[in-house]
Amino acid sequence: MTQTYTVIVADDHPLIRASVVNLLDTAADLEVIADVGSADEALRLTATMRPDVVVLDINMPGIDAFQAAGEIRQINSSTKVVFLTVNDSDGAIERAKAAGVNAFVSKGDEPGDVITAIRETIAGRHYYSPTIQQRLASGVRSGGDSRLSQLSAREMETLRYVAKGLAKKEIAPLMHISVKTVDKHVTQIMTKLDIHDRVGLARYAIREGLVEA
C-alpha cells in the first residue's frame, strides 16, 4: 500500500491554486488537505493539521512568505516548505535558503517539477527546479551560490547607493569611507555580478528588490 503524504497549498491566485491542487491530486502518494490564499492561513492550518509539506507562493498579502517559512518550521519541524513562485530573483533564492526552505520551483517550469520537488523534500533532500538551477549556475562561483550572495555587506550597501543614482563622492561620506574605497567596492561589485556599467547595476538592484524603481 502506497504511503500518502499530506500537503497544504497557499497561493493568492485562485486559478493557479486550483491548478496546483488538481495537479497534486494526480499523484497517488500526495493528498492536498487544504488550499488557502495567504501565508497567514497556511500558518494557522499548519498548527492544527501538521502537514508533511506546505507549498507557498512568495508574493501574497499578509505575512512575508520568508518569515512564514521559518515559522512553519518552528510550529512543526518535520513539515517541509516548497516555494512555487514567479519571483526567482537571486535575492529571493538567498532569502529562501536562509529561511530553511526545502525546495524552490519557478512557475515557468514544467508542472511535474512541483510533484518532484515535494517528493524530494519528503525524502530529506533539497530541490531546485531547472529554471532555478540555471540561475544558480549563472553565478560566478560554484557550490550553489547566487551572484548576490557573493557580495559583502559593504558591497551591498554600495550597490544600493549606486542604484539610487548617487555619485561616488556622495556615497563616500554616507559610508564613512574614502572615494577611493567606494571605487574599489564598485569595481568588485561589477566583477562579481559580471555587470560593467552603473545603469546595469541599477537595473539589477531594482530587479532583486534592493531598491525601489
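Preceding block: the structure.
The residue numbering used here restarts from 1 in each chain and proceeds along that chain's sequence as written. With pLDDT at 70 or above as the cut-off, local features in this predicted model cover only qualifying residues; side-chain atom pairs require 80 or more to be listed or tallied, and sums for whole chains, interfaces and linings still use all residues. Where side-chain values are given, they derive from all heavy atoms of the structure, hydrogens and water being excluded.

Participant: So what exactly am I meant to see when it comes to unusual backbone geometry here?
Facilitator: What you tend to see is this: most non-glycine residues have negative phi, and most peptide bonds are trans. Positive phi, close to 45 degrees, is recorded for Arg50, a residue that is not glycine. Put simply, DSSP marks the helices as runs of H or I at least four residues long and the strands as runs of E at least two long, and each gets a number from the N terminus on. Along the chain, the position of Arg50 falls in the loop between α2 (39-49) and β3 (53-56). Look at Asp194: it is not a glycine, yet its phi comes out positive at around 60 degrees. Structurally, the position occupied by Asp194 is in the loop between α9 (179-193) and α10 (198-207).

Participant: Would you mind showing me how to read the side chain of His185 here?
Facilitator: Its place among the elements puts His185 in helix α9. Accessibility here uses a 1.4 Å probe with only protein chains present; expressed as a share of the type maximum, an area under 20% marks a residue as buried, one over 50% as exposed, and anything in between as partly exposed. With a relative accessible area of 12%, His185 lands in the buried category. In contact with His185, other than residues within four places in its own chain, are Arg154, Glu155, Thr158, Met175 and Ile177. Residue contacts are counted whenever heavy atoms from the two residues lie within 4.5 Å of one another.

Participant: I would appreciate a short explanation of the nonpolar core in the present structure.
Facilitator: Where a protein is soluble and globular, its nonpolar side chains tend to be buried together. Within the largest apolar cluster, 28 residues are counted, with the highest numbers of intra-cluster contacts made by Leu56, Val81, Phe83, Val101 and Phe104. Elements with a contribution of two residues or more to this core: β1 (5-10), β2 (30-36), α2, β3, α3 (65-75), β4 (80-85), α4 (90-98) and α6 (130-137). By residue number, the principal contributor to this core is α3, which donates five residues. If we ignore the near neighbours within four places in the chain, the residues touching Phe104 are Ile58, Phe83, Thr85, Asn87, Asp88, Ala92, Ile93, Ala96, Tyr127, Tyr128, Ser129 and Ile132. Residues enter a nonpolar core if they are buried and are Ala, Val, Leu, Ile, Met, Phe, Trp, Tyr or Cys, with the set joined through side-chain atoms within 4.5 Å. Grouped together as the second largest cluster of nonpolar side chains are 22 residues, Met156, Ala172, Val186 and Ala205 included.

Participant: Can you walk me through the layout of surface pockets in this structure?
Facilitator: Take a probe with the size of a water molecule and roll it over the atoms, and the empty space left behind shows itself. For cavity detection a 1 Å grid was placed over the protein atoms alone, and a set of points counts as a cavity when a 1.4 Å probe fits there but cannot get out; an open set counts as a pocket when protein lies on both sides within 12 Å along at least five of seven lines, with lining residues being those that have an atom within 4 Å of a point. Grid points are joined across faces, edges and corners, and a volume is the space filled by probe spheres set on the points. If you add up the space inside the largest pocket, you get close to 240 Å³. Sorting the residues of the lining of the largest pocket by element identifies α3 and α4 as the ones contributing at least two each. Take the lining of the largest pocket: its biggest share by element is four residues, from α4. Its residues assigned to classes, the lining of the largest pocket comprises six nonpolar, five polar and five charged. Of the volumes computed, that of the second largest pocket is approximately 180 Å³. Classification convention: Asp, Glu, Lys, Arg as charged; Ala, Val, Leu, Ile, Met, Phe, Trp, Tyr, Cys, Pro as nonpolar; all other residues, Gly among them, as polar.

Participant: Explanation requested: the packing of aromatic side chains in the structure shown.
Facilitator: Think of it this way: a Phe, Tyr or Trp ring, Trp meaning its six-membered ring, pairs with another when their centres are within 6.5 Å, and the plane angle makes it stacked under 30 degrees, edge-to-face over 60, tilted otherwise. All told, the structure shown has two aromatic pairs when counted by the stated rule. On the numbers, 5.5 Å between centres and 80 degrees between planes, the contact of Phe66 with Phe83 is edge-to-face. Of this pair, Phe66 sits in helix α3 while Phe83 is found in strand β4, placing the two residues 17 residues apart along the sequence. The buried category is assigned to Phe66, whose relative accessible area is 9%. Ring centres of Phe83 and Phe104 lie 6.0 Å apart, and the angle between their planes is 75 degrees; on these two criteria the pair is classed as edge-to-face. Highlighted residues: Phe83 in strand β4 and Phe104 in strand β5 (residues 103-106), separated in sequence by 21 residues. Of the two residues, Phe83 and Phe104, both sit in the buried class.

Participant: How should the side chain of Asp109 be read in this particular structure?
Facilitator: With respect to the element layout, Asp109 can be found in the loop between β5 and α5 (112-122). The buried category is assigned to Asp109, whose relative accessible area is 14%. Each residue touching Asp109, except ones within four places of it in the same chain, is listed here: Ser129, Pro130 and Thr131.

Participant: Got a minute to help me understand the packing of α9 against α10 in this structure?
Facilitator: Geometry of a packed helix pair, given as the angle between the helix axes and the separation of the axes. Where α9 contacts α10, the axes come no closer than 11 Å and their chain directions differ by 70 degrees. Judged by the angle between their axes, α9 and α10 are roughly perpendicular. Read as a crossing pair, α9 and α10 show a hand that is left-handed. For the pair formed by α9 and α10, the contact residues are Ile189, Met190 and Leu193 on the first element and Arg198, Leu201 and Tyr204 on the second. Of the residues that constitute the contact of α9 with α10, the class distribution is five nonpolar, no polar and one charged. Note on geometry: axes are C-alpha line fits, over the in-contact stretch for helices, and angles between N-to-C directions span 0 to 180 degrees. Note on angle classes: values under 35 degrees are labelled roughly parallel, values over 145 roughly antiparallel, values of 65 to 115 roughly perpendicular, and the remainder oblique. Note: crossing handedness is left-handed where the near helix turns anticlockwise from the far helix by less than a right angle, and right-handed where it turns clockwise.

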